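Read off the chains here:
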Amino acid sequence: MINLDILNLSLSHRHCSDLRGLLTAVNCGNVKWGNTMQVASTVAKVLALIVIIIAGMVKLCQGYTTNFENSFEDSNLNAGDVALALYSALYSYSGWDTLNFVTEELKNPERNLPLSIAISIPLVTVIYVLTNVAYYTVLDLNTVLDSEAVAVTFADEILGYARWLIPISVAMSCYGGLNASLIAVSRLYFVGSREGHLPTVLCMIHVNTCTPIPALIFSGGMSLIYLLVEDVFQLINYFSFNYWLFIGLSIVSQIYLRFKFPDMPRPVKLSLFFPITFCLCTVFLVVVPLYSDTINTMVGIAIALSGVPAYYLCIYLPPDRQPRCLQKLLGFLTLNVQKLCLCCAVDSEDRKEM
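Residues numbered from 1 in each chain as written. Predicted model: local features only at pLDDT ≥ 70, side-chain atom pairs only at ≥ 80, totals over all residues. Heavy atoms only, no water.

Once that is clear, we can look at the overall build of the protein. Regarding its fold elements, the protein presents 15 helices and two strands. Expected size for 354 residues packed as a compact globule is a radius of gyration near 20 Å; at 22 Å, the protein falls within 12% of this value. Its C-alpha atoms give the protein principal-axis dimensions of about 75 × 45 × 40 Å. Buried residues in the protein amount to 33% of all 354 residues. Long-range pairs, those at least 24 residues apart, make up 75% of the contacts in the protein between residues at least 6 apart in sequence. (Helix = DSSP H or I, 4+ residues; strand = E, 2+ residues; numbered from the N terminus. Rg over C-alpha atoms; globule rule 2.2 N^0.38 Å. Buried < 20%, exposed > 50% of the residue type's maximum accessible area, 1.4 Å probe, protein only. Contact = heavy atoms within 4.5 Å.)

To continue, consider helix 11 (residues 273-292). In this model helix 11 runs 29 Å from its N-terminal to its C-terminal C-alpha over 20 residues, within 8% of the 28 Å that 1.5 Å per residue would give. Every buried residue of helix 11 is listed here: Pro275, Cys279, Thr282, Leu285, Val286, Val288 and Pro289. Contacts made by the buried residues of helix 11 are with helix 4 (79-92), helix 10 (232-260) and helix 12 (294-305). (Expected span 1.5 Å × (residues − 1).)

Here the focus is the environment of Thr153. Relative to the helices and strands, Thr153 is located in helix 7 (residues 150-158). C-alpha of Thr153 to C-alpha of Pro167: the two residues are 14 residues apart in sequence and 9.6 Å apart in space. If we ignore the near neighbours within four places in the chain, the residues touching Thr153 are Leu139, Thr143 and Ser147.

We now examine the packing of helix 3 (residues 31-61) against helix 8 (residues 165-194). Where helix 3 contacts helix 8, the two axes come as close as 8 Å, and the packing angle between them is 140°. Considering the angle they form, helix 3 stands oblique to helix 8. Both helix 3 and helix 8 take part in a crossing whose hand is left-handed. When helix 3 is examined against helix 8, the residues Val31, Gly34, Asn35, Met37, Gln38, Ala40, Ser41, Ala44, Lys45, Ala48 and Ile52 are found in contact with a partner set consisting of Ile166, Ser169, Met172, Ser173, Tyr175, Gly176, Asn179, Ala180, Ile183 and Arg187. Broken down by class, the residue content of the contact of helix 3 with helix 8 amounts to 11 nonpolar, eight polar and two charged. (Axes fitted to C-alpha atoms, helices over the stretch in contact; angles between N-to-C directions. Parallel < 35°, antiparallel > 145°, perpendicular 65-115°, else oblique. Left-handed = near helix turned anticlockwise from the far one by under 90°. Nonpolar A, V, L, I, M, F, W, Y, C, P; charged D, E, K, R; others polar.)

Evaluated as defined, the whole model comprises seven aromatic pairs. Aromatic side chains Tyr312 and Tyr316 sit 5.6 Å apart centroid to centroid with 20° between the ring planes, which places their arrangement in the stacked category. Residue Tyr312 and its partner Tyr316 are both found in helix 13 (residues 307-316); the two are separated by four residues, about one turn of the helix. In this structure Tyr312 comes out as partly exposed when scored by relative accessible area, which is 40%. Among the aromatic residues, ring-to-ring pairing joins Phe239, Tyr243, Trp244 and Phe278 into one connected group. (Phe/Tyr/Trp six-rings, centres within 6.5 Å; stacked < 30°, edge-to-face > 60°.)

Helix-helix packing is described using two parameters, namely the angle between the two axes and the distance between the axes. Between helix 4 and helix 10, the shortest axis-to-axis distance is 9 Å and the interhelical angle comes to 85°. One way to sum up the angle between helix 4 and helix 10 is to call them roughly perpendicular. Along the contact surface, helix 4 presents Leu84, Tyr87, Ser88, Leu90 and Tyr91, while helix 10 presents Phe233, Ile236, Asn237, Phe239, Ser240, Phe241 and Trp244. Partitioned by chemical class, the residues of the contact of helix 4 with helix 10 number nine nonpolar, three polar and no charged.

Another aspect to go through is unusual backbone geometry. Glycine aside, residues mostly have negative phi angles, and peptide bonds mostly take the trans form. Of note, Cys210 is a non-glycine position whose phi angle comes to about 60°, a positive value. Looking at where Cys210 falls in the secondary structure, it is placed in the loop between strand 1 (204-206) and helix 9 (213-226).

Segments scoring low in pLDDT should not have their predicted coordinates read at a detailed level. Taken residue by residue, the protein gives an average pLDDT of 82. The fraction at 70 or more is 93%. For the protein, the element scoring lowest by mean pLDDT is helix 1 (residues 4-7), at 39; strand 1 scores highest, at 90. In this model, residues 1-11 is a region of pLDDT below 50 whose contacts with residues beyond four sequence positions or in other chains number 39 contacts. (pLDDT = per-residue confidence, 0-100.)

A water-sized probe, rolled over the atoms, reveals where empty space remains. Tallied over the entire structure, the rule returns two cavities of 30 Å³ or more. Computed from the structure, the second largest cavity encloses a volume of approximately 50 Å³. If you list the elements that add at least two residues to the lining of the second largest cavity, you get helix 4 and helix 10. Examining the composition of the lining of the second largest cavity, we find that four residues originate from one element, helix 10, more than from any other. Broken down by class, the residue content of the lining of the second largest cavity amounts to seven nonpolar, two polar and no charged. (1 Å grid on protein atoms, 1.4 Å probe; cavity = no way out; pocket = protein on both sides within 12 Å on 5 of 7 lines; lining within 4 Å. Points joined across faces, edges and corners; volume = space filled by probe spheres on them.)

With that settled, the discussion passes to the environment of Met172. Here Met172 lies in helix 8. Owing to a relative accessible area of 32%, Met172 belongs among the partly exposed residues under this scheme. Residues Met172 and Cys28, spaced 144 residues apart in sequence, show a C-alpha to C-alpha distance of 20 Å. Met172 has contacts with Ala40, Ser41 and Ala44, leaving out every residue within four places of it along the chain.

Mapped onto the elements of the fold, Thr137 is located in helix 5 (residues 109-138). Only 2.6 Å separates the side chain of Thr137 from the backbone oxygen of Val133, close enough to count as a polar contact. For Thr137, the contacting residues outside a window of four places in its chain are Gly56, Lys59, Leu60, Tyr64, Asn67 and Phe68. (Polar contact = N/O pair within 3.5 Å; in protein donor to acceptor, adjacent residues only side chain to side chain.)

What follows is the structure, encoded as structure tokens:
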């Protein structure tokens, strides 16, 4: 998960692209390398947050409560602004869905997937809330708003000689957040291609390491395109509208299937209260910004619709009806990616055998 502190870190676009390239190379080399980096960055981030929480709680117990007086004075309760604020807040918690993308790589996912989510979401929520309490115990509102990295500013104020630990932990957390998104999104492309929703070139894996190299490279390349948007919060708004729209549609489909096929085997099954409540929340997050931030929302819609012609030409049309130039391009791309990356295609039947 990418905390907003990390997003505020003053990294140039060049550094971001270099970092993304490095992580892509690591994950292409070996699945275990990416997993090891993920574990290390997570441990570093959690330890850093625990240090911040303890330091903040000590100050709070000493009576430093001035910054909490009239905390919500002059708050903006406009529904549109609240929805846009939730985009940024929910983005920092967005790791809740990352594990779902790598279900096939989990051992005993019927047990471990819901268990890990049930443990991680409350734990992360508690840690984030306590971290923000610690921040506001030590820093006033203007300092927090002006800071490029709140955790680093907090460390400079209170940790003394140990303040150098926080920037290192924040940097490692940045690596971990990008690494998690790279792993998750590449698996999404891989499975989508394998199921026939994306070009075949994306469902290829390395013949020795079984890493989805084409999907990883494609994910890294798309990230470089996103870096063309200089305002990260504008980028979050573009992304979040589509994200919550399609997440909401996915949950609606689950509700539909629950009624349409009630006897279908379901390894993980919850009360309908949860998906219905979730859908109502996504409706708020999708509909309200249409009025409060129309231009950016329309840009997000245009980005989503840009995939329609690509899907129609590359996937929907049968090969004999596709333009000949497109057939040659897809064939050339598929053949040369196989040669360059030493990959072979995987289909649903291969997955069952694996």
